[in-house]
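Understanding the architecture of this molecule
So the chains spell out like this:
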Amino acid sequence: MSAIGSLPSPVFEVERLVLDYQTPKGIVRAVEDVSFRVGKGERLVLLGPSGCGKSSILKAVAGFIEPAAGHIRIQGKEVKGPGPDRIVVFQEFDQLLPWKTVRRNVEFPLRIAGRLSKAEIRERSERVLRKVGLERVLDSYPHTLSGGMKQRAAIARALVTDADVLLMDEPFAALDALTRTQLQGELLDLAEEIGFTLLFVTHSIEEAILIGTRLHLLSPHPGRTITTIDTSDFNRKDVGSARLERLSREVHDLLFNPTASKETDNHVRAVPDRRAAHI
Ligand SMILES: Nc1ncnc2c1ncn2[C@@H]1O[C@H](COP(=O)(O)OP(=O)(O)OP(=O)(O)O)[C@@H](O)[C@H]1O
């Protein structure tokens, strides 16, 4: 199931990825033999125990870490470093500059790129801000926005550059449960409205099932691909349902108790075989 199959033209792919860190005590292998493909509009969630290398994979896709072996390709091109085709949306959306209005924050990456005229930058930013429903707060400052609005502004800032992939590393980890649920909902609304391609890292199984259209499960350190599970038919209405609880339990067993998961029913395994067989 870890072999790369026949998904038509993925937006990006990771193939047999190995990631190492140099430390004073020698090389630490963080990730070994991880492969997945992400199609346009898919939301792939990396899920695994603490220290299995989720953040490292995301950083490598962002271009901040060079693979020790294997490949990362965006639209078929090998990743050689950070690029405008990938945007990292950081925890708590603190990449918004507090001294700039929402409009100016969204215009900022285009101004830096310097390829468009002032008028084009203004027009394009307004269009994206309308798309994410922030047209009424164009001239407000980030600290006056709700958490959901901040998230929309941070995502608008990513979308305005036409990035192919949004990368989010535990964006809700530091939040209280209510805010977290609200922001998960906002992210899903936006994903449905706009259809961006997302690589998302979490160690919450329930969050992974809700946010992802697919889960990519990783073994404990050093992280290796265990399997991929299609979760595209789960949504917010499933919160608290028996089916979500059952899948959460099965995912938990695959991650932490693989022998037990082989002995229980084959529900989870049947899903990737039937619907996500391309990974
Ligand atoms: N800069 C670094 N130098 C050396 N080792 C590192 C470095 N960053 C991460 N590691 C090691 O690489 C492994 C993977 O770390 P990583 O942060 O990617 O895991 P993770 O799955 O995101 O963890 P968590 O869920 O706890 O955030 C860990 O063993 C970690 O100690």
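I will try to describe carefully the structure that is included in this document. What you see is a predicted model, and the numbers here were worked out from it, not measured in a lab.

Basis of the calculations
Residues numbered from 1 in each chain as written. Predicted model: local features only at pLDDT ≥ 70, side-chain atom pairs only at ≥ 80, totals over all residues. Buried ≥ 20, exposed ≤ 12 C-beta atoms within 10 Å, placed from the backbone. Helix = DSSP H or I, 4+ residues; strand = E, 2+ residues; numbered from the N terminus. Contact = placed C-beta atoms within 7 Å. Expected span 1.5 Å × (residues − 1). Near = placed C-beta within 6 Å. Pairing = 2+ DSSP bridges. Axes fitted to C-alpha atoms, helices over the stretch in contact; angles between N-to-C directions. Parallel < 35°, antiparallel > 145°, perpendicular 65-115°, else oblique. Left-handed = near helix turned anticlockwise from the far one by under 90°. Nonpolar A, V, L, I, M, F, W, Y, C, P; charged D, E, K, R; others polar.

**A word on helix α2 (residues 102–113)**
Of the positions making up α2, those classed as buried are V102, R103, N105, V106, E107 and L110. Packed against the buried residues of α2 are α3 (118–131) and α4 (147–159). Two residues or fewer past α2, G114 is found with a positive phi of approximately 65°.

**Some remarks on α4**
Between its first and last C-alpha, α4 extends 18 Å over 13 residues, near the 18 Å set by a 1.5 Å rise per residue. α4 sits mainly inside the fold: 11 of its 13 residues count as buried. All of the buried residues in α4 are M149, K150, Q151, R152, A153, A154, I155, A156, R157, A158 and L159.

**Overview of the site of the ligand**
The full set close to the ligand counts 14 residues, and Y21, A30, S50, S55 and S56 are the nearest of them. Taken together, the elements giving at least two residues each to the shell around the ligand come down to β1 (12–23), β2 (26–38) and α1 (54–62). Broken down by element, the shell around the ligand gets its largest block of residues, three residues, from α1.

**As for the environment of D139**
Examined against the element boundaries, D139 turns out to sit in the loop between α3 and α4. When the C-alpha positions of D139 and T101 are compared, they lie 5.2 Å apart, and in sequence the two are 38 residues distant. Ignoring anything within four residues of it in the chain, the contact list for D139 reads T101 and R103.

**Topic: the pairing of strand β7 (residues 165–169)**
Summarising burial for β7: five of the five residues are buried, a large majority. Burial of β7 is two-sided: the residues V165, L167 and D169 facing one way and the residues L166 and M168 facing the other way are all buried. Pairing analysis gives four bridges linking strand β6 (residues 86–89) to β7, with the strands arranged parallel. By the bridge assignment, R86 is partnered in β7 with V165. Alignment of β7 against strand β8 (residues 198–202), held across four bridges, turns out to be parallel. In the sheet register, L166 faces β8, and the bridge partner there is L198.

**Details of unusual backbone geometry**
With an omega of -10°, the peptide bond running from H221 to P222 counts as cis. As for its position among the elements, P222 is in the loop between β9 (214–218) and β10 (225–230). Backbone geometry places R16, a non-glycine residue, at a positive phi of 50°.

**Description of the packing of α2 against α3**
Their axes nearest at 9 Å, the elements α2 and α3 cross at an angle of 125°. If you check the angle between α2 and α3, you find them oblique. Here α2 and α3 pass one another in a crossing that is right-handed. Where α2 abuts α3, its residues V102, R103, V106, E107, L110 and R111 lie against I121, R122, R124, S125, V128 and L129. Considering only residue class, the contact of α2 with α3 consists of six nonpolar, one polar and five charged.

Just geometry here; none of it tells us what the structure is for.
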